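Residues per chain, in single letters:
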Amino acid sequence: MAKNLVIVESPAKAKTIEKILGNDFEVKSCFGHIRDLEKDDMGIDINNNFKPKYAVPEDKEKIVKELKKLAKDTDEVWLATDEDREGEAISWHLCEVLGLDPHTTKRIVFHEITKPAIERAVQQPRLLDMNLVNAQQARRILDRIVGFELSPVLWRKMSMRNSLSAGRVQSVAVRLIVEREREINTFNSVSSFKVEAFFTAKDSQGKTLSFKADGPSRFKTAEDAEKFLQQCIGATYTVKDIQVKPAKKSPAAPFTTSTLQQEASRKLGYSVSKTMLLAQKLYESGKITYMRTDSVNLSDTALTDIKQAIEKSYGQRYHQHRKFKNKNESAQEAHEAIRPTYMDNATVDDSDTRRLYELIWKRTIASQMADAELEKTIAKIDISTNHEELTASGEVLKFDGFLKIYMEGRDDEDADEEDQEGVLPPLAVKQVVDLKEMKATERFTRPAPRYTEASLVKKLEELGIGRPSTYAPTITTIQKRSYVEKRDKEGIKREFRIMTLKADKITKTADTENTGAEKAKLFPTDLGMIVTDFLNQYFDSVMDYGFTAKIEEEFDEIANGKKVWNKMLNEFYEPFHQDVANTLEKAERVKGERLLGEDPETGKPVVARMGRYGPMIQIGKAEDEEKPRFAKLKATQSIETISMADAMELFRLPRNLGMFEGQEVTVNIGRFGPYAQHDKKFYSLKKEMDPYTVELEEIGPLIVEKRTAKDERTIKVFEKEKIQILKGPYGPYIKQGLKNYKIPKERIDHAADITVEEAKAIIEDVKANPPKKKAPPRKKKTE
């Protein structure tokens, strides 16, 4: 038995650290949290100063038992959980459960898994910081209170399924997405005309070059734009003024959790949760520093390594020492930005994490590289016939600096497709330039784009909502709850007008563009919109951005020892609990419906509303003698925006497509999506098949294909008992109704010989002795 037991959070990290520390140390993982609030009765004694009631989950009992034995048999226990608040809380829970004295047990922290960092941590242990523990405890308790008290309000006041839930940060995140969607839905696009002139001039070698100049302003109407072009007929274009200015571009700061998530989304297309999963893997294998941080600081050791790497690869001129400062004053838990642990490793062998690692390496290197040096030229060109000015601008890269390896990506909100500047030919004042053509092109204003996961993280950070460890779980939760969905949107064709002045003649043409196409954007569902409206109406403080940010600041104050955690909870709880009581007593049930009009055939009301299985259209009322008719909305339709015409179109289902193999084929949409029905059997339609337009010629082969696949899977069927013996990817199994049952090993090779009595016995045996569930993977952090 080793003299020292070191407890860390993850098994991957344990292996790496054990190699570093040697034979006197045994390193074991607690697999994340070992205790959480009890599920029954909230797990909090509200009347006893918010005292939490913790329990060891069933799946952690074996781990706790093993750690207790190891702790008892070792000379000294070291707690080496992660360096953030949640890591501190996990160490405290370990003290409580393993019977360790928090006043004497050694606590070590490090932000990189390297030999020097681990050895330094062991040489400089500290004790538990109860302020950090209490900050995390306050967050966990407050979020449990909000979820525990708000969710039942939703169940009772909304006529939907009981899986509804609310959360302090998740509900505010959904509100952001809902508000952006409504901005887009109510946005009225306005057109204007942008004038661009295309000239030619000679370069220093006498070669003719083309360049562009922008008109004096945008014109609100086609008439104004045409009038300007007419004024330019027969004009001479003379360079009136030239300004050459030096300019610089500086690199971005090294990565924080938030900026890494944003840039990995822009450049690599990764979701926030995938980025954190890969970053965790890189950290635990000792490749990068701790990946939950809001600091942009780099250690002196790192700065020295980066300098050497830059000078070795690019030369001394490319290095520029920089110290970045945090905009967020509360960024104090982690001491460094996310960076590679060894700067001489420009890549890693692991194919899964390589792209993310290389992004981190480039960003870190670039942060200490010289500015890019540019020369910006702005030329003013006079129009002789109306003395208006055109502006041509261009830039020349004199020294690439950090641009040699890295340029930060941009979000849709920041990108402007028209801000690209080219290189101008050498121009001189009073030089006459030749006009090739001048165009007035119709352009339309655009609404703010829908959020991506990355731009939502950026917005939450700007508002001060959440902290590094909360972004990924928040975004995962709102999608899992079906309040938000990530999907693509197809663009629509739009016509725009172009007027061209060429050879002193104006021609008018029209062209089309694809507009409104979006990829991997966050759309609120109808459920998300209805829940948001309800919470906004009755719990405005919980949904207020400023209030939510203030709560985060109070957690920071607890972490800094400036505020007492249960006093802070009490200040929040009393008004919140009163709002809950008032809402339960006074609020009406939410119907989440919108009247669209009357059915032209029956005169009955047509309503768009939420049903048990999602948004739908209803014709008629429940109390009518004749049952109401229902139709499910398409995935791209919404209760808020669907028109009466589109709603009535949905009632074209079920569609009878004709006869196949002597039986009728119909298509419809059910609880599990679009399907075809043939000979009393159901076949799910392929993704690309639209039930409103699909034809019999497409459905016939689908039926044959699915039927053949099913026949190949079927070993034996007992029709009367509704029991099947089927082939699966892992071997034969028994199916009864919707449930599957494992066949004992000794009978797998003879599955075809199983009798109905044997099948029943196997089913009963599995029911009586259900297989034990495997322990779930380590719980992700939700600080």
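Enquirer: Help me understand the sheet that holds strand β20 (residues 605-611) in this model?
Expert: What holds strands together in a sheet is hydrogen bonding between their backbones, with the strands either parallel or antiparallel. Strand order in the open sheet formed by four strands is β19-β20-β21-β22, and the pairing between neighbours is antiparallel. Each of the sheet's edge strands pairs with one partner strand only, and the pair in question is β19 (593-598) and β22 (629-632). Direction aside, neighbouring strands of the sheet carry axes that sit 25° apart on average. When β20 meets strand β21 (residues 614-619), the two strands line up antiparallel, connected through six bridges. By the bridge assignment, Val607 is partnered in β21 with Gln618.

Enquirer: Would you mind going over the pattern of salt bridges with me for this structure?
Expert: If charged atoms from side chains of opposite charge come close, those side chains can pair. Inspection of every chain in the model, using the stated rule, returns 52 salt bridges. The partner of Lys28 in a salt bridge is Glu66, with the nearest N and O atoms 3.8 Å apart. Taken together, the residues Lys28 in strand β2 (residues 25-29) and Glu66 in helix α2 (residues 61-72) connect sequence positions 38 residues apart. We classify Lys28 as partly exposed; its relative accessible area is 26%. The partner of Glu263 in a salt bridge is Arg266, with the nearest N and O atoms 2.6 Å apart. Residue Glu263 and its partner Arg266 are both found in helix α8 (residues 257-268); the two are separated by three residues, about one turn of the helix. Overall, the relative accessible area of 0% leaves Glu263 in the buried class. Through salt bridges that share partners, Arg139, Asp143, Arg168 and Glu552 make up one connected network.

Enquirer: Please explain the environment of Met610 as it appears in this structure.
Expert: Residue position: Met610 is located in strand β20. Classification of Met610 as buried rests on a relative accessible area of 3%. For Met610 and Ala751, which are 141 residues apart along the polypeptide, the C-alpha to C-alpha distance reads 46 Å.

Enquirer: I keep staring at the sheet that holds strand β24 (residues 663-670) and nothing clicks. Help me out?
Expert: Taken in spatial order, the four strands line up as β23-β24-β25-β26 in an open sheet, and their pairing is antiparallel. Each edge of the open sheet carries a strand with a single partner, namely β23 (655-660) and β26 (681-684). Sheet twist, expressed as the mean angle between neighbouring strand axes with direction ignored, is 30°. Judged from the five bridges that link them, β23 and β24 form a sheet pairing that is antiparallel. Bridge pairing in β24 places Arg655 opposite Val667. Strand contacts of helix α19 (residues 696-713): β23, β24, β25 (673-678) and β26, with the helix running at about 65° to β23, the strand carrying the most contacts.

Enquirer: Help me understand the side chain of Lys604, please; the structure alone is not making it clear to me.
Expert: By the element assignment, Lys604 lies in the loop between β19 and β20. Under the relative-accessibility criterion, Lys604 is labelled buried at 19%. A polar side-chain atom of Lys604 sits 3.5 Å from a polar atom in the side chain of Glu626. Once residues lying within four places of it in the same chain are set aside, the contact partners of Lys604 are Gly597, Glu598, Asp599, Ile619, Gly620, Asp624 and Glu626.

Enquirer: Sorry, what's going on with the environment of Glu375 here?
Expert: Within the fold, Glu375 resides in strand β12 (residues 372-383). Taking the relative accessible area as the measure of exposure, Glu375 reaches 29% and is therefore partly exposed. Spatially, the C-alpha atom of Glu375 lies 6.7 Å from that of Lys398, the residues being 23 residues apart in sequence. Other than its neighbours up to four places away in sequence, Glu375 contacts Val244, Lys245, Gly394, Glu395, Val396 and Lys398.

Enquirer: Help me understand the nonpolar core in this model?
Expert: It is characteristic of soluble globular proteins that their nonpolar side chains tend to be buried jointly. Core analysis: the biggest nonpolar cluster contains 163 residues, and Leu356, Ile617 and Ile699 have the highest contact counts within it. Top element by residues in this core is helix α5 (residues 130-157). It accounts for eleven residues. Apart from the residues lying within four places of it in its own chain, the contact partners of Ile617 are Leu596, Val606, Val607, Ala608, Arg629, Phe630, Ala631, Leu633, Ile642, Ala647, Leu650 and Phe651. Grouped together as the second largest cluster of nonpolar side chains are 28 residues, Ala225, Ala379, Ile381 and Ala392 included.

Enquirer: What exactly am I supposed to notice about the pairing of β12 here?
Expert: Moving residue by residue along a regular strand, the side chains alternate between the two faces of the sheet. Where strand β11 (residues 237-249) meets β12, twelve bridges bridge the pair, whose relative direction is antiparallel. Paired with Val244 across the strands is Thr377, a residue of β12. The pairing of β12 with strand β13 (residues 389-399) spans ten bridges and is antiparallel. Counterpart to Glu375 in the pairing with β13 is Val396.

Conventions used here
Residues numbered from 1 in each chain as written. Predicted model: local features only at pLDDT ≥ 70, side-chain atom pairs only at ≥ 80, totals over all residues. Heavy atoms only, no water. Pairing = 2+ DSSP bridges. Helix = DSSP H or I, 4+ residues; strand = E, 2+ residues; numbered from the N terminus. Axes fitted to C-alpha atoms, helices over the stretch in contact; angles between N-to-C directions. Salt bridge = Lys/Arg side-chain N within 4 Å of Asp/Glu carboxyl O. Buried < 20%, exposed > 50% of the residue type's maximum accessible area, 1.4 Å probe, protein only. Contact = heavy atoms within 4.5 Å. Polar contact = N/O pair within 3.5 Å; in protein donor to acceptor, adjacent residues only side chain to side chain. Core = buried A, V, L, I, M, F, W, Y, C linked by side-chain atoms within 4.5 Å.

Spatial relationships are all this shows, so hold off on functional conclusions.
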